[in-house]
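Letter by letter, the chains look like this.
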Amino acid sequence: MPSIFSRETLVVSKPSLRGILYFLLSIPLVVLAAEIAARTPIGTRLPAPSVNANSFLFDAKIYRIESQLRRDGTLDCLFLGSSVANSDIDPDLVEQVYRAQTGETIRCFNLGMPAMTIDTAAAIADAAITRFHPKVVIYAILPRDVHDAIANVDFLASADWVKFNRGVPSLDGWLVNRSYAYRYLLAWRYWLQIPNRTKMEAETHPLTAKGYQPAQGFREPYIENLTLTPARLREAWSDPSQAQSVRNFLALQQRDVKIVFLEGPAYHEPDSSDAETWRAYDEEYLPTLIRILDENQIPFWRTQRLAIQIPKAHWYDWLHLNSDGAATFSRWLGDTLAANAWLFK
């Protein structure tokens, strides 16, 4: 009776061994190519290498600030905040106005992230100070930053890139800080999913080389104001942890960096139909914030007068400027920085 098992042994041919050898040899070449590409203009034509933070916009901004630092060598000014910072501050215009006023050059970057609260901003600022060494951190603050349960990106504070740069060691943290090949592998895995490609496009375009993401035109449908209301403003400091969150951010000045708080601009109705809101803002929200900043000797730049002067046609919605309004705001910010050039000394 013939056996059902073959007595023949598997013979591995030399071409198969060569193929395996070629494959193994190609791995370091691919890694080297990825590392080189990321550090050249070629990298700007590829999807941003991921830091595994579950945010395509954060990936893109981290890669752009790394590229800027390789080119310029220093970072003078880092803008942080929620979508107001993201869409209202154009670092290119800020730098141009500052140069025109002072004859000196500063290098700035916008690391604002939509829906970011001050707790998350403190974690990202801490990591960014370690990684990028900015001279000045300017935080554009809104009332919702200290009291928002509607929307946030708190998960960013738990990203390995952030934690590693805050002194929490891990293999993934080391890799996303040291290996572009690993980061491209992560980005490639995301990019294989077609829905992710659509999401990546939506989250990262348009986005300038300095992290500014302009809003175009007028938002339709116009969103309802859910966060800047008298009721929410009266609750802004109802929990002691909210004031502590601000103090935690301010404690970063101990790391040899100057901190400035910038009032996030918001639209004012010309017929004063929002008068109750602004009364609550001035009486319930602002005094506590100013007291905390004064106690820590932190400059606070008010923008209310400027916001009132910006016409509605230059607002994307009640909270965000469009590209025309952002140009006005960024020029004002450049002028204000020039008047406070001591910050960069």
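Residues numbered from 1 in each chain as written. Predicted model: local features only at pLDDT ≥ 70, side-chain atom pairs only at ≥ 80, totals over all residues. Heavy atoms only, no water.

Student: Describe in detail the overall build of the chain, supporting the description with residues and values.
Tutor: Each helix and strand counted, the chain has 14 helices and five strands in total. For the chain, with 345 residues in total, the buried portion stands at 51%. Carbon and sulfur atoms make up 57% of the accessible area of the chain, which amounts to about 17300 Å² in all. (Helix = DSSP H or I, 4+ residues; strand = E, 2+ residues; numbered from the N terminus. Buried < 20%, exposed > 50% of the residue type's maximum accessible area, 1.4 Å probe, protein only. Areas by Shrake-Rupley, 256 points an atom, 1.4 Å probe, with all protein chains shown as cover.)

Student: So what about the pairing of strand E1 (residues 77–81)? Which residues, and what values?
Tutor: Extensive coverage of E1 is indicated by the burial of five of its five residues. Side chains Cys77, Phe79 and Gly81 of E1 all project onto a buried face; the interleaved residues Leu78 and Leu80 project onto the opposite face, where all are buried too. When E1 meets strand E2 (residues 108–110), the two strands line up parallel, connected through three bridges. Within E2, the residue paired with Cys77 across the bridge is Cys108. Two elements, E1 and strand E3 (residues 136–141), share five bridges in a ladder whose sense is parallel. For Phe79, the partnering residue across the bridge sits in E3 and is Ile138. (Pairing = 2+ DSSP bridges.)

Student: Describe the pairing of strand E4 (residues 258–263), with residues and values.
Tutor: Of all six residues making up E4, five are buried, and the element is well covered by its neighbours. When E3 meets E4, the two strands line up parallel, connected through six bridges. Of the residues in E4, the one forming a bridge with Val136 is Lys258. The sheet contact formed by E4 and strand E5 (residues 300–301) spans two bridges and is parallel. Along E5, the bridge assignment pairs Phe261 with Phe300. For the segment spanning E4, helix H12 (residues 275–295) and E5, crossover handedness is right-handed. (Right-handed = clockwise from strand over helix to strand, strands pointing away.)

Student: Tell me what's going on with the pattern of salt bridges, and back it up with residues and numbers.
Tutor: Within the structure shown, the criterion is met by 13 salt bridges. Lys199 serves as the salt-bridge partner of Glu203, at 3.8 Å between the closest nitrogen and oxygen. A residue pair is termed a helical-turn pair when its members lie 3 or 4 positions apart in one helix, as Glu203 and Lys199 do in helix H9 (residues 194–204) at four residues. A relative accessible area of 25% means that Glu203 is categorised as partly exposed. A relative accessible area of 40% places Lys199 in the partly exposed class. For Glu276, the salt bridge goes to Arg234, with nearest N and O atoms at 3.4 Å. You can see Glu276 sitting in helix H12 and its partner Arg234 sitting in helix H10 (residues 230–234), a full 42 residues away along the chain. You can call Arg234 partly exposed: its relative accessible area is 46%. Among the ionic contacts, a cluster of salt bridges with common partners joins Asp126, Arg166 and Arg255. (Salt bridge = Lys/Arg side-chain N within 4 Å of Asp/Glu carboxyl O.)

Student: Tell me what's going on with helix H2 (residues 56–72), and back it up with residues and numbers.
Tutor: Along its 17 residues, H2 runs 24 Å from first to last C-alpha, staying within 8% of the 24 Å computed at 1.5 Å per residue. Counting buried residues along H2, 13 of its 17 residues qualify, which places the element largely inside the surrounding structure. Phi turns positive one or two residues past the end of H2, at Gly73, with a value near 90°. (Expected span 1.5 Å × (residues − 1).)

Student: Report on the nonpolar core, specifying residues and quantitative values.
Tutor: By size, the foremost hydrophobic cluster in this structure holds 97 residues, and its most contacted members are Phe58, Leu80, Phe249, Phe261, Leu289 and Leu337. Top element by residues in this core is helix H5 (residues 118–132). It accounts for 10 residues. (Core = buried A, V, L, I, M, F, W, Y, C linked by side-chain atoms within 4.5 Å.)

Student: Now, about a nonpolar patch on the surface: what can you tell me, with residues and values included?
Tutor: Judged by side-chain polarity, Leu185, Trp188, Trp191 and Leu192 come together as a nonpolar surface patch covering roughly 410 Å² of accessible area. Inspection of the secondary structure assignment puts Trp191 in helix H8 (residues 180–191). (Patch = residues over 30% accessible without salt bridge, like charges linked within 9 Å, V, L, I, M, F, W, Y side chains within 5 Å.)

Student: Residue-level account of unusual backbone geometry, with values.
Tutor: Between His205 and Pro206 the backbone carries a cis peptide bond, its omega angle lying at -10°. Considering the arrangement of structural elements, one finds Pro206 in the loop between H9 and H10. Of note, the phi angle at Asp256 is positive, near 60°, even though the residue is not glycine. In this fold, Asp256 is placed in the loop between helix H11 (240–250) and E4.

Functional significance is not addressed by these values, which are geometric in nature.
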